[in-house]
2 protein chains.
Amino acid sequence: MPQRPATPSNPTAIEASGAFVETVSLKPFQSGTLDGLTFTVKDNIDLGGHKTSFGNPSWRDEHPAAIHNALCVDQLLAAGATCIGKVVADEFTYSLDGESHFFGTPLNAKAPDRIPGGSSSGSASSVACGLADFSIGTDSGGSIRVPASLCGIWGMRPSLHRISEAGVLPFMPSVSTVGAVANDFETLNRVMRVLLRSGIEDTARLERIVMLDDAFHIADESVRDAAKNMIKRMAKRAAITLEHAGFSDVADRDMDLSSCNEDALRNLQTMEFENTVGDWIESYKPKLGSTFSMAYGNVKSFDRTTVMESLDLCERLFRGINRFLKTGTIICFPTTPTVAPPKESLNTMEAVLDFYDRTMAVTSFSGAGRLPEISAPLLSIDGCPVGLSFAAAHYQDEFLLKALRELLHP
Amino acid sequence: MPQRPATPSNPTAIEASGAFVETVSLKPFQSGTLDGLTFTVKDNIDLGGHKTSFGNPSWRDEHPAAIHNALCVDQLLAAGATCIGKVVADEFTYSLDGESHFFGTPLNAKAPDRIPGGSSSGSASSVACGLADFSIGTDSGGSIRVPASLCGIWGMRPSLHRISEAGVLPFMPSVSTVGAVANDFETLNRVMRVLLRSGIEDTARLERIVMLDDAFHIADESVRDAAKNMIKRMAKRAAITLEHAGFSDVADRDMDLSSCNEDALRNLQTMEFENTVGDWIESYKPKLGSTFSMAYGNVKSFDRTTVMESLDLCERLFRGINRFLKTGTIICFPTTPTVAPPKESLNTMEAVLDFYDRTMAVTSFSGAGRLPEISAPLLSIDGCPVGLSFAAAHYQDEFLLKALRELLHP
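These numbers come from a predicted model, not from an experiment.

Asks: Please provide a residue-by-residue account of the sheet that holds strand β5 (residues 154-157) of chain B, values included.
Replies: Residue and element names in this part refer to chain B. What the 11 strands build is an open sheet, ordered β1-β3-β2-β4-β6-β5-β10-β11-β9-β7-β8; its pairing is mixed. Strand pairing shows two members of the sheet lacking a second neighbour, β1 (20-26) and β8 (242-245), which therefore form its edges. In this sheet, neighbouring strand axes are inclined to one another by 30° on average, regardless of whether the strands run parallel or antiparallel. Where strand β2 (residues 38-42) and strand β4 (residues 134-139) come together, 3 bridges link them in parallel fashion. Paired with Thr-40 across the bridge in β4 is Ser-135.

Shown next as structure tokens:
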């Protein structure tokens, strides 16, 4: 059960969080495993009768209101949960920082002078502020994992396409997933099992925990040390021997995690974003926020004719990673290499590149592997939260949830 | 190599086929494994500088032209192929017959008085008429497999989401795939390996061929007998013992293949179609063809709040089917239960239901399993072609292609 009662009817707290685009009240269709829980929905996921903004006011104005809820929303309502709000998404969900030009910066409740992370910024904020029991969002390059890590809550990005994307705005079809955040593991577990439609308990046993060395190296020293200490303690308590592996061992290629992001996944993501969002921007010339405009400049100058090798590389990385991650194995690493940067500190190219290149190197691992990944709010650096991530093989979502429970309660 | 030279510059043949929405000429970016091959593109897949109609003129008029090619089109251009045309899709791709109210009925070259099948009707027709070496289309409930079967050409629907859907109009995210048709197996194989980004040859050996009994039972007697004779001959030549299994054995549930369609997959498909297309129709009130209007009436009256059990069932069927289809196994059945019905014969509710219910029962197998399936043009009933299908486990696309080559050239 959630530790803090959700207070959807507290307008002052809702206002102060800056997380909500609007409050709604969608009652459950029937009773189910999510009875009594409230949730919010990221603003790229349809709620019937409401406009979906995609984090950009021109997109909102140019499109009619949705008529049906997204399929994933209906799944939650059919399981007994109540939807209480539509929450802020970064512009076109193309960001990891949560500082929206148009919709503001939702409150990072545990580190109020810092960014919440994005693009599921309102999802993480509304949950971390105790205004909802859980929230659904989307994750392509880290958009659930990063805000979960920086806000100190639980978050899960499931295996690619395990959850229906009907009624979710298309973004990067080869990496985008629907997922969820919650204040406690048991709530996350219950929600994910509804969305994953897991009728059957996974029978595999947790046998092997591997530390992904590259991600530890990329992290700040303080994050690295805290993550190492925590995973060592957890493994010891569960009586499981820790192993180490570099990305080159895991992926069976002579390359590192930064190269996984920069030479493989990023090209695929950029091409797909051009198709799903870029064409619309070029046709409708919407008003764009300044930070998004800068990022989009790189998208526009991209040469689509010369990057097919990196798409082939994505496929080989997927195979290598999943050969390594045999049944019974989970792999562990800091969700993000840093705690949340202070608000408005990503204002130089150097600061932006440092934050994005390091963060996306780490998040590219599950992206390339199409893996389920859970960010657990187990680390704290000088009072600022940061997540410890656990991933398992493609489609081993139920095993990962079960393994996490074993690790938490050995 | 293709048996018949493609003649993209033959306007009379192009006109006579009724397959083309427009001719184009997109030159390859560079030389590659598809050098010298020409292809057409279904009209729900973007070509930069052209409108994508989705088979409905109002959709075309309400949306701007695409700016970028779909990612899959760029993959083919980067591998040396030349795009020569945009070809007819059934209305909103929500059909299996190929008789479009707005864009006509593309020619079924081998059975000219019969329907070509749909919704990738123009793809199959342009290839079967010898006007292109191959074509790319989409398949959710059979939209590549059915026209490939009825037009007597090769067609492959790959594993769910193996090929990027960026630049492809969203339809049914949990079942839709991009795939291809071609006149000969070697062309299909080369094209699919580009789209699948298969850098590595699969090493698994074909060990087991299973006949899916339900699909044979559903088929017309003539189709059933022809399919049985052919697969027996192929298995014998390859020195592999044939096995039999009913759907209840394969899926490990007490249900048959018709129930797989009617009680599980169809509800998921209907809900997703409501999100991706239904909302747009309700908002924009486009002009609709009469046949589509009838089908859409059923979509509109659908109760989304009561079908969650059937979505859970889809997930359990996926697991059961893929437990059965171990490495080394392919499963075989007639692609469609009938040859192509005569043109304009689907004009009574009885005829429509017979064609759709039986066909979609068979096609639901790979839909529920998220399987790769190849329809091979190996059967002929009184001069009319019909396909024999081979499917393998989810993500075993390369194995399936390799197994097919072994069966063809033992």
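Asks: Tell me what's going on with the domain arrangement of chain A, and back it up with residues and numbers.
Replies: Residues and elements named next belong to chain A. Assigned domains within chain A: domain 1 (11-196), domain 2 (208-255 + 317-408) and domain 3 (258-306). A straight line from the C-alpha centre of domain 1 to that of domain 2 covers 22 Å. Within the residue set of the side of domain 1 that touches domain 2, elements represented by two or more residues are α5 (145-151), β5 (154-157) and α6 (185-196). Take the side of domain 1 that touches domain 2: its biggest share by element is 6 residues, from α5. Partitioning the side of domain 1 that touches domain 2 into residue classes produces 16 nonpolar, 10 polar and 8 charged.

Asks: I'd love a proper account of the interface of chain A and chain B, names of residues and values included.
Replies: Chain A puts 39 residues into the contact, and the matching count from chain B is 39 residues. With 9 residues, helix α10 (residues 257-284) of chain A is the largest single contributor of residues to the side of chain A that touches chain B. Residue classes in the side of chain A that touches chain B are distributed as 15 nonpolar, 12 polar and 12 charged.

Asks: If you had to explain the sheet that holds strand β9 (residues 329-334) of chain A to someone new, which residues and values would you point to?
Replies: Strand pairing in a sheet relies on backbone hydrogen bonds, with the paired strands running either antiparallel or parallel. Residue and element names in this part refer to chain A. Here 11 strands make up an open sheet; going across it, the order is β1-β3-β2-β4-β6-β5-β10-β11-β9-β7-β8 and the pairing mixed. The open sheet terminates on both sides in strands that have one partner only, identified here as β1 (20-26) and β8 (242-245). With direction set aside, neighbouring strand axes in the sheet form an average angle of 30°. Sheet topology note: the strand β7 (residues 208-212)/β8 ladder contains 4 bridges and is parallel. Each residue of the ladder has a partner; that of Ile-209, found in β8, is Leu-242. Its contacts with the sheet place helix α8 (residues 221-237) against β7, β8, β9, β10 (373-381) and β11 (384-391), and it is angled at close to 115° to β10.

Asks: Hey, could you go over the relation of the copies chain A and chain B for me, with residue numbers and the actual values?
Replies: After a rotation of 180° and a shift along the axis of 0.0 Å, chain A superposes on chain B with an RMSD of 0.0 Å. Taken together, the rotation angle and the small translation identify this as a two-fold axis.

Asks: Account for the packing of helix α6 (residues 185-196) of chain B against helix α14 (residues 397-408) of chain B, with residues named and values stated.
Replies: All names here are of chain B. Put simply, α6 and α14 touch, their axes get as near as 11 Å, and they point 165° apart. In this view, α6 runs roughly antiparallel relative to α14, as classed from their interaxial angle. As for the relative orientation of α6 and α14, their crossing is left-handed in sense. The segment α6 lies against α14, with Phe-185, Asn-189, Met-192 and Leu-196 engaging Asp-397, Glu-398, Leu-401, Leu-404, Arg-405 and Leu-408. Grouping the amino acids of the contact of α6 with α14 by side-chain chemistry returns 6 nonpolar, 1 polar and 3 charged.

Asks: Can you lay out the environment of Leu-195 of chain A for me, pointing to particular residues and giving the numbers?
Replies: Residue and element names in this part refer to chain A. Following the sequence through the fold, Leu-195 ends up in helix α6. Overall, Leu-195 belongs to the buried group, with 22 C-beta atoms counted inside 10 Å. Separated by 32 residues in sequence, Leu-195 and Ile-163 have C-alpha atoms that sit 6.2 Å apart. Every residue in contact with Leu-195, bar those within four places of it in the chain, is listed here: Cys-72, Gln-75, Ile-163, Val-178 and Ala-180.

Asks: Pulling in residues and values, what's your account of helix α14 (residues 397-408) of chain A?
Replies: Residues and elements named next belong to chain A. Here α14 contains 12 residues, and its C-alpha end-to-end distance of 17 Å stays within 8% of the 16 Å for a straight helix at 1.5 Å per residue. Of the positions making up α14, those classed as buried are Asp-397, Glu-398, Phe-399, Leu-400, Leu-401, Ala-403, Leu-404 and Leu-407. Lining the buried residues of α14 we find α6, α8, β9, β10 and β11.

Asks: Before we move on, can you summarise the environment of Leu-379 of chain A with the specific residues and values?
Replies: Residues and elements named next belong to chain A. Relative to the helices and strands, Leu-379 is located in strand β10. Note: C-alpha distance between Leu-379 and Val-339 (40 residues apart in sequence) is 9.7 Å. Beyond its immediate stretch of four places on either side in the chain, Leu-379 contacts Val-223, Ala-226, Ala-227, Met-230, Pro-385, Val-386, Gly-387 and Leu-388.

Asks: Can you lay out unusual backbone geometry for me, pointing to particular residues and giving the numbers?
Replies: Residue and element names in this part refer to chain A. Cis geometry marks the peptide bond from Gly-118 to Ser-119, where omega comes out at 5°. Structurally, Ser-119 is set in the loop between β3 (82-87) and α4 (121-128). In the Ramachandran plot, Ala-239 falls in the positive-phi region, its phi being about 60° despite a non-glycine side chain. Secondary-structure assignment places Ala-239 in the loop between α8 and β8. Backbone geometry at Asp-382 places phi at a positive 50°, although glycine is not the residue there.

Asks: I'd love a proper account of the confidence of the model for chain A, names of residues and values included.
Replies: Summarising the model, chain A shows a mean pLDDT of 95, and 98% of its residues fall at 70 or more. Predicted confidence for residues 1-6 of chain A stays below pLDDT 50, and this span has 14 contacts to residues more than four positions away or in other chains.

Asks: Tell me what's going on with the pairing of β9 of chain A, and back it up with residues and numbers.
Replies: Residue and element names in this part refer to chain A. Of all 6 residues in β9, 6 are buried, a share of seventy percent or more. One ladder, built from 4 bridges, connects β7 with β9; its direction is parallel. If you follow Arg-208 over to β9, its bridge partner there is Thr-329. Pairing of β9 with β11 involves 4 bridges; the strand directions are antiparallel.

Basis of the calculations
- Residues numbered from 1 in each chain as written.
- Chains lettered and ligands numbered in written order.
- Predicted model: local features only at pLDDT ≥ 70, side-chain atom pairs only at ≥ 80, totals over all residues.
- Pairing = 2+ DSSP bridges.
- Helix = DSSP H or I, 4+ residues; strand = E, 2+ residues; numbered from the N terminus.
- Axes fitted to C-alpha atoms, helices over the stretch in contact; angles between N-to-C directions.
- Domains from an automatic or database assignment.
- Nonpolar A, V, L, I, M, F, W, Y, C, P; charged D, E, K, R; others polar.
- Contact = placed C-beta atoms within 7 Å.
- Least-squares fit on C-alpha atoms with pLDDT ≥ 70 in both.
- Parallel < 35°, antiparallel > 145°, perpendicular 65-115°, else oblique.
- Left-handed = near helix turned anticlockwise from the far one by under 90°.
- Buried ≥ 20, exposed ≤ 12 C-beta atoms within 10 Å, placed from the backbone.
- Expected span 1.5 Å × (residues − 1).
- pLDDT = per-residue confidence, 0-100.

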